[in-house]
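Spelled out from the first residue to the last, the chains are:
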Amino acid sequence: MKANIVLLPGDGIGVEVVAETRATLDAVAAQFGHSFSYSEHLIGGCAIDATGTALTQETLDACRAADAVLLGAVGGPKWDNPSASVRPEQGLLALRQGLGLYANLRPIRLFPELIQASPLKAERLADVDILVVRELTGGLYFGKPRIREEVNGRRRAVDTLEYTDEEIQRVVELAFRLASSRRRLVTSVDKANVLESSRLWRTVATEVAARHPEIRIEHQLVDSCAMRLITSAAAFDVIVTENMFGDILTDEAAVLAGSLGLCPSASLGDGTRGVYEPIHGSAPDIAGKGIANPIGTILSAAMLLRHSLRLDKEAAVLERAVAQAIAGGARTADLGGKLSTQGMGAAVRAKLAG
Ligand SMILES: NC(=O)c1ccc[n+]([C@@H]2O[C@H](COP(=O)([O-])OP(=O)(O)OC[C@H]3O[C@@H](n4cnc5c(N)ncnc54)[C@H](O)[C@@H]3O)[C@@H](O)[C@H]2O)c1
Ligand SMILES: CC(C)[C@H](C(=O)O)[C@@H](O)C(=O)O
Ligand SMILES: [Mg+2]
């Protein structure tokens, strides 16, 4: 098949891990006789430097016209001034909103050979297989008003946590659909003991659950969920939660896997188009050194093959190649090894054909 893929490397290690993933997608295409064409566009800090804005109309239009988008990461110290009116992260948020990508799927899967890479005891990690469905276009990230002002000599700032029933319903519905082909348990995470928006979330989640009697639902407060992710992660199947809770819980859950650099994601809306990106950021502490782990991005590309291109077999072959490379001892520095970003990509490609 022919597919048109937009690459948005962004900033820092985003550039390094996207280059390695493109090479890996090319190897998949060659093996299965597909033709992937790529166009590369700016987003984040590099877009601010070149154009003054973190997401140009041109980049957004290219993404709208593409079959799928592969993104690296945005941000970095160069653009971190808290008084700046434009920030790299705004580009990512505008992209998610502009494409209507309201659900971010973040699978947390463990490779058995990497159990030692996690600081947790091995017995706490047995059978961990979690899919976090993070709401992506609502909540504190987008609520209005958003204010920074000075009133009577005091500095004041406001963010707004807002959800409509429709926004909650569509993402919780998706979580239930995904749970039906897994272990049939949805954990809806909120802060309903304090937040009005969470009480609406819990009410709507309960309504959705009533339409899916074959799937169990449990409600869990976000603070104790954070603890249970460490003490009894294997008890979770699908977790569905609001935007910021999902952001925080998934970086925590990445510790189970052994490195943030291993974890992929798919940002999806109602159609087949999606944005695929690792859950990590631009990692300024290691950017430019060629040592970032590309596996989170390569596994995001596998999700791209499956969800946007409907290439299930190719996705499975790529995921198997990653698993075999890791089983064969391929390790970047975050996993205690010596492989470069390119070395890790090459180790995956070496397993593709076999
Ligand atoms: N989706 C995104 O574009 C995204 C996500 C998170 C953070 N950010 C941005 O990235 C910048 C840095 O944020 P941060 O430092 O809090 O988080 P980060 O995810 O960039 O890094 C956290 C830690 O994990 C390590 N790490 C991350 N990815 C890795 C990989 N692939 N291989 C090996 N090690 C890896 C880093 O070296 C660092 O020690 C900020 O500007 C932030 O806004 C962007
Ligand atoms: C960079 C930032 C806007 C982003 C988020 O909070 O969504 C990141 O942390 C992520 O997890 O994709
Ligand atoms: Mg995050």
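Criteria and thresholds
- Along each chain, residues carry numbers from 1 onward, in the same order as the chain's sequence is written.
- All chains are assigned letters beginning at A, and all ligands numbers beginning at 1, according to the order in which they are written.
- Reporting in this predicted model follows two pLDDT cut-offs: at least 70 for local features of residues, and 80 or more for side-chain atom pairs to be given and counted; totals over whole chains, interfaces and linings ignore these cut-offs and use all residues.
- Remark: hydrogens and water are excluded; side-chain values derive from all non-hydrogen atoms of the structure.
- UniProt positions are given in the numbering used here, feature names are shortened, and annotations may be inferred rather than shown by experiment.
- Throughout, near means a residue has at least one heavy atom within 4 Å of the molecule or strand.
- Polar contact is defined as a pair of N or O atoms within 3.5 Å, subject to the rule that within protein one atom must be able to donate a hydrogen and the other to accept it, and that residues adjacent in sequence are counted only when both atoms are side-chain atoms.
- Here the Shrake-Rupley method, with its probe set to 1.4 Å, supplies the accessible areas, and only the displayed protein chains count as covering residues.
- All residues other than Ala, Val, Leu, Ile, Met, Phe, Trp, Tyr, Cys, Pro, Asp, Glu, Lys and Arg, Gly among them, are scored as polar; the first ten of these are nonpolar and the last four charged.
- Put simply, buried Ala, Val, Leu, Ile, Met, Phe, Trp, Tyr and Cys residues joined by side-chain atoms within 4.5 Å make one nonpolar core.
- Classification of residues uses two cut-offs on accessible area relative to the type maximum, computed with a 1.4 Å probe and protein chains only: under 20% is buried, over 50% is exposed, and between them is partly exposed.
- Throughout, a residue-residue contact means that at least one pair of heavy atoms, one from each residue, lies within 4.5 Å.
- Segments assigned H or I by DSSP are reported as helices when at least four residues long, segments assigned E as strands when at least two residues long, and all are numbered from the N terminus.
- Here a strand pair is declared whenever DSSP counts at least two bridges between the two strands.
- To obtain an axis, a line is fitted to C-alpha atoms, over the contacting stretch when the element is a helix, and the angle between two such axes runs from 0 to 180 degrees between their N-to-C directions.
- By definition here, a helix of n residues has an expected span of 1.5 Å times n minus one.
- Note that the arc is computed from the directions linking the helix axis to the C-beta atoms.

- The protein appears in an unreviewed UniProt entry as 3-isopropylmalate dehydrogenase from Sorangium atrum.
- The Subunit (unreviewed entry) comment attached to the protein in UniProt states, word for word, "Homodimer."
- Check the Function (unreviewed entry) section of the UniProt entry for the protein; it says "Catalyzes the oxidation of 3-carboxy-2-hydroxy-4-methylpentanoate (3-isopropylmalate) to 3-carboxy-4-methyl-2-oxopentanoate. The product decarboxylates to 4-methyl-2 oxopentanoate."

**Regarding the site of ligand 1**
Phase 1 of the analysis: Near ligand 1 there are 21 residues, and of these Val74, Glu89, Gly281, Ala283 and Asp285 occur at the shortest range.
Phase 2 of the analysis: Interatomic distance of 3.0 Å between a side-chain N/O atom of Glu277 and a nitrogen atom of ligand 1.
Phase 3 of the analysis: The separation between an oxygen atom of ligand 1 and a polar side-chain atom of Asp285 is 2.7 Å.
Phase 4 of the analysis: When ligand 1 sits alone it has 810 Å² of accessible area, and the protein chains cover 70% of it.
Phase 5 of the analysis: The residue inventory of the shell around ligand 1, partitioned by class, reads 10 nonpolar, seven polar and four charged.

**Considering the site of ligand 2**
Phase 1 of the analysis: Contacts to ligand 2 come from Glu89, Arg96, Arg106, Arg134, Tyr141, Asp247 and Ile279.
Phase 2 of the analysis: At 2.7 Å from an oxygen atom of ligand 2 is found a side-chain nitrogen or oxygen belonging to Arg96.
Phase 3 of the analysis: A distance of 2.9 Å is found between an oxygen atom of ligand 2 and a side-chain nitrogen or oxygen belonging to Asp247.
Phase 4 of the analysis: The residue makeup of the shell around ligand 2, split by class, is two nonpolar, no polar and five charged.

**Describing the nonpolar core**
Phase 1 of the analysis: If you look at the biggest cluster of nonpolar residues, it comprises 86 residues, and the most contacted ones within it are Phe36, Leu105, Ile130, Val133 and Leu256.
Phase 2 of the analysis: Dropping the residues within four chain positions of it, Leu105 is found in contact with Leu131, Val132, Val133, Leu174, Leu178, Pro264, Ser265, Ala266, Leu268, Met303 and His307.
Phase 3 of the analysis: Core analysis: the next-biggest nonpolar cluster, separate from the first, contains 16 residues, Ala62, Ala66, Val74 and Leu101 among them.

**Re the UniProt feature "binding site: Mg(2+)" (unreviewed entry) in the protein**
Phase 1 of the analysis: The positions UniProt marks with the feature "binding site: Mg(2+)" (unreviewed entry) are Asp223, Asp247 and Asp251. Taken along the chain, the residues just named run across 29 residues; in space they keep tight, none of their C-alpha pairs more than 14.5 Å apart.
Phase 2 of the analysis: Relative to the helices and strands, Asp223 resides in helix H8 (residues 222-231).
Phase 3 of the analysis: Asp247 gets classed as partly exposed once you look at its relative accessible area, which sits at 26%.
Phase 4 of the analysis: For Asp247, the residues in contact, after removing those within four places along its chain, are Arg106, Arg134 and Tyr141.
Phase 5 of the analysis: In this structure the side chain of Asp247 is engaged in a polar contact, spanning 3.1 Å, whose partner is the side chain of Tyr141.

**Description of the sheet that holds strand E3 (residues 68-73)**
Phase 1 of the analysis: Taken in spatial order, the 10 strands line up as E2-E1-E3-E12-E11-E4-E5-E10-E8-E9 in an open sheet, and their pairing is mixed. This sheet does not close on itself; its edge strands, each paired only once, are strand E2 (35-40) and strand E9 (216-221). For this sheet, the mean inter-axis angle between neighbouring strands, taken without regard to orientation, is 25°.
Phase 2 of the analysis: Judged from the six bridges that link them, strand E1 (residues 2-10) and E2 form a sheet pairing that is parallel. Bridge pairing in E2 places Val6 opposite Ser39.
Phase 3 of the analysis: The strands that H8 touches are strand E5 (129-135), strand E8 (185-190), E9 and strand E10 (238-241); relative to E9, the one it contacts most, it runs at about 105°.

**What about helix H12 (residues 341-352)?**
Phase 1 of the analysis: Between its terminal C-alpha atoms H12 stretches 17 Å, which fits the 16 Å expected from 12 residues at 1.5 Å a residue.
Phase 2 of the analysis: For H12, the full list of buried residues reads Thr341, Met344, Gly345, Ala347, Val348 and Leu352. The buried residues of H12 occupy an angular sector of 155° when projected down its axis, which confines them to one face. Turned more than 90 degrees away from the buried face of H12, the exposed residues are Gln342 and Ala350.
Phase 3 of the analysis: Close packing links the buried residues of H12 with helix H1 (13-32), helix H10 (295-307) and helix H11 (312-327).

**A look at the pairing of strand E7 (residues 154-160)**
Phase 1 of the analysis: Where strand E6 (residues 143-151) and E7 come together, six bridges link them in antiparallel fashion. Counted as the bridge partner of Arg148 is Ala157 from E7.
Phase 2 of the analysis: Taken together, E6 and the strand that follows it, E7, pair antiparallel across an intervening segment of two residues, in which Asn152 is found at a positive phi of about 50°.

**Quick word on the side chain of His280**
Phase 1 of the analysis: On the secondary structure map, His280 appears in the loop between strand E12 (274-276) and H10.
Phase 2 of the analysis: Residue contacts for His280: discarding those within four places in its chain leaves Ile13, Val17, Ala73, Leu260, Gly261, Asn293 and Thr297.

**Regarding H11**
Phase 1 of the analysis: A rise of 1.5 Å per residue sets the reference length of H11, with its 16 residues, at 22 Å; its end C-alpha atoms lie 22 Å apart and thus fit the reference within 8%.
Phase 2 of the analysis: The complete set of buried residues in H11 reads Glu314, Ala315, Val317, Leu318, Ala321, Val322, Ala325 and Ile326.
Phase 3 of the analysis: If you follow the buried residues of H11, they end up packed against H1, H10 and H12.
Phase 4 of the analysis: Backbone geometry just downstream of H11 places Gly329 in the positive-phi region, at approximately 100°.

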